[in-house]
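So the chains spell out like this:
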Amino acid sequence: MGSAQDSTHVTFIHTSDFQWGMTRWFLDGEDSDAQSRFEDSRLRAVEKLGNLAREHGAEFIVVAGDVFDANALSERTMGRALEALGSLPVPVFLLPGNHDPLLPGAALEHAAQLSNVTVLADSTPVEARPGVEIVGAPLLARYANEDLAARALAQLEPTDSVRILVAHGQAEGRGEDDPALISLTGLEQALANGVVDYVALGDTHSAQPVGASGRIWFSGSPETTDFHDRRDNVAGNEVNSGKALVVSVDKRAATDVDVDVNEHAVGEWTFDALHWEVSDGEDVRRVIAELEAYPHKSRTAVKYSLAGTLGLEATRELEEGLAAQRNVFGALYERERLMDLHLEPNDEELANLPLAGYARDAMSALLGAAETSDPQTARDAVNLLFRLSKEPK
């Protein structure tokens, strides 16, 4: 084992899946500027990577694929992306992913022209500085037909230098049987043998370690891109996004390595999928209170489902409360497939309705329609008629 003075230490930032150019349909509602705010936040998240580098003495940033959402981008998106990358205070190593494979005319060719950017175009080790190497497993087509990480590792021998493998894709046990799946066994063996010291993965948008070594990580996307489903016993899509990883490696010999990985929040947005069971006005007020408690509503998207049966007063209170919140959230909308909300006035509500003749017949018809193929439209009509019946003459 080498002495302390023989060791190599390096700290760097691991991130992935910027997917610049991505749009989210639910942020593009009428008179909404949420999509523009979302795009700005995604750029600011990358600026925060530079702040992390300064704060923690990181020497460089590795981006493990999907820098861009596609190779065909608007000039505005490309220009802002290049400005953000070029402003980072340390060297940046970009890996082609499945959204931006290194094809002729690829978006990454534009990024490669920046003085602080290196595109990992093949698996030849790139020297970040003496004693520190970065090896990429780039996608050169939209889909891989083999384990690109295994192919990159096959040409490497153990080394006393710090060596980081950067790859993009799903690992064994995390997807379907596919020859392109990254072999966890192969990665763990390469780590144990001193062929590489850390594996920086991209593709999964939630930060998380993989395997048992603690040296294989998905960084997750620096800004949230999909919903965290918070229903009981349902695995969420993105349970830990909006993060970046600060990684420190101390290496004294080929197989004598310490790696420390710490998550840091850089994203601003929250995407939540919520479900509520409701039966009365108290439940409705609990729903509205939960929405009101979100601290940054303009940067929050919520899709929701409701199940249960409500009377007229509780339904009116629910619809009015939801309508008020839609004005302040980045997005707030029903998960129609999961909605199971029924309108059932109690006898007292029906008896007290100040309706007669045609108006009462219309209300009866609407109440029947509320259980048909378009219950939301019928509920809206019932609520409107109910409010009109309550207004002072």
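So, how was this worked out
Counting restarts for each chain: residues are numbered from 1 in the order of the written sequence. In view of the model being predicted, local features appear only for residues whose pLDDT reaches at least 70, and side-chain atom pairs are presented and counted only at 80 or more, with totals across whole chains, interfaces and linings using the full set of residues. Water and hydrogen atoms were dropped before computing side-chain values, which therefore reflect all heavy atoms in the structure. UniProt positions are given in the numbering used here, feature names are shortened, and annotations may be inferred rather than shown by experiment. Secondary structure is summarised from DSSP: a helix means a run of H or I of at least four residues, a strand means a run of E of at least two, and numbering begins at the N terminus for each. Only protein chains enter the accessibility calculation, which uses a 1.4 Å probe; a residue is then buried when its area is under 20% of its type maximum, exposed when over 50%, and partly exposed in between. Residues count as neighbours in contact if any of their non-hydrogen atoms are within 4.5 Å of one another. Per-residue and other accessible areas were derived by the Shrake-Rupley procedure at a 1.4 Å probe size, with only the shown protein chains allowed to occlude residues. Residues belong to a common nonpolar core when they are buried Ala, Val, Leu, Ile, Met, Phe, Trp, Tyr or Cys residues joined through side-chain atoms within 4.5 Å. DSSP bridges decide pairing: two strands pair if at least two such bridges lie between them. Only the stretch in contact is used when fitting a helix axis, every axis being a line fitted to C-alpha atoms; angles between N-to-C directions are given from 0 to 180 degrees. In this analysis a 1.4 Å probe is tested at points of a 1 Å grid over the protein atoms alone, and where it fits but cannot get out there is a cavity; an open set with protein on both sides within 12 Å along at least five of seven lines is a pocket; lining residues have an atom within 4 Å of a point. Grid points are joined across faces, edges and corners, and a volume is the space filled by probe spheres set on the points. Gly is placed with the polar residues, together with every amino acid not listed as nonpolar (Ala, Val, Leu, Ile, Met, Phe, Trp, Tyr, Cys and Pro) or charged (Asp, Glu, Lys and Arg). Multiplying 1.5 Å by the residue count of a helix minus one yields the expected span of that helix. Directions drawn from the helix axis to the C-beta atoms are what define this arc. Under this definition, polar contacts are N or O atom pairs within 3.5 Å; protein pairs additionally need one hydrogen-donor-capable and one acceptor-capable atom, and for neighbouring residues in sequence, both atoms have to be side-chain atoms. Whenever a carboxyl oxygen of Asp or Glu lies within 4 Å of a side-chain nitrogen of Lys or Arg, that contact is scored as a salt bridge.

Per an unreviewed UniProt entry, the protein chain goes by Nuclease SbcCD subunit D and derives from Corynebacterium genitalium ATCC 33030. Of the protein chain, the UniProt comment under Sequence similarities (unreviewed entry) reads exactly: "Belongs to the SbcD family."

On to the overall build of the protein chain. Each helix and strand counted, the protein chain has 10 helices and 17 strands in total. For the protein chain, buried positions account for 50% of its 393 residues. Contacts in the protein chain between residues at least 24 apart in sequence constitute 72% of all its contacts with a sequence separation of at least 6. When the accessible surface of the protein chain is summed, it comes to about 17,800 Å², and 47% of that surface belongs to carbon and sulfur atoms.

Attention shifts here to the nonpolar core. Side chains of a nonpolar character, in soluble globular proteins, are inclined to be buried together. Membership of the largest hydrophobic core comes to 29 residues, with the highest contact counts inside it found for Ile 13, Trp 20, Leu 49, Leu 85 and Leu 94. At the level of elements, helix H1 (34-56), strand E2 (61-63), helix H2 (75-86), strand E3 (92-94), helix H3 (107-111), strand E4 (117-119) and strand E12 (243-253) are the ones that each hand at least two residues to this core. Top contributing element to this core by residue count: H1, with 5 residues. Apart from residues lying up to four places away in sequence, Leu 94 is in contact with Val 63, Val 67, Leu 85, Leu 108, Ala 111, Val 117, Thr 118, Val 119 and Leu 120.

Now for the sheet that holds strand E13 (residues 256-265). The strands making up a sheet are joined through hydrogen bonds of the backbone, oriented either antiparallel or parallel. Pairing is mixed across the open sheet formed by 6 strands, whose spatial order is E4-E3-E2-E1-E12-E13. Each of the sheet's edge strands pairs with one partner strand only, and the pair in question is E4 and E13. Going across the sheet, the axis of each strand differs from the next one's by a mean of 25°, ignoring polarity. Both E2 and E3 contribute to a ladder of 3 bridges, which runs parallel. From the neighbouring strand, Val 63 faces E3, where its bridge partner is Leu 94. Against the sheet, H1 touches strand E1 (8-15), E2, E12 and E13, its axis set at about 160° to E1.

Taken as a whole, this structure holds 1 cavity of 30 Å³ or more when the rule is applied. Approximately 30 Å³ is the volume attributed to the largest cavity. In terms of lining residues, the largest cavity is bounded by Asp 17, Phe 18, Trp 20, Arg 42, Val 46, Ser 221, Pro 222 and Glu 223. Partitioned by chemical class, the residues of the lining of the largest cavity number 4 nonpolar, 1 polar and 3 charged.

Right, let's get into helix H6 (residues 281-292). Between the first and last C-alpha of H6 there are 16 Å, a value that for 12 residues agrees with the 16 Å anticipated at 1.5 Å per step. Every buried residue of H6 is listed here: Gly 281, Asp 283, Val 284, Val 287, Ile 288 and Leu 291. Along H6, the residues classed as buried sweep out an arc of 160° about the axis, all on the same side. Of the residues that open H6, the one with a side-chain oxygen 3.2 Å from the backbone nitrogen of Glu 282 is Asp 280.

A side chain with one charge may pair with a side chain of the opposite charge, provided their charged atoms come close. With the rule as written, the count across this model stands at 19 salt bridges. A salt bridge links Glu 146 to Arg 151; its shortest N-O distance comes to 2.8 Å. The exposure class assigned to Arg 151 is partly exposed, which follows from its relative accessible area of 43%. Each of Arg 44, Lys 48 and Glu 268 takes part in a single network of salt bridges with overlapping partners.

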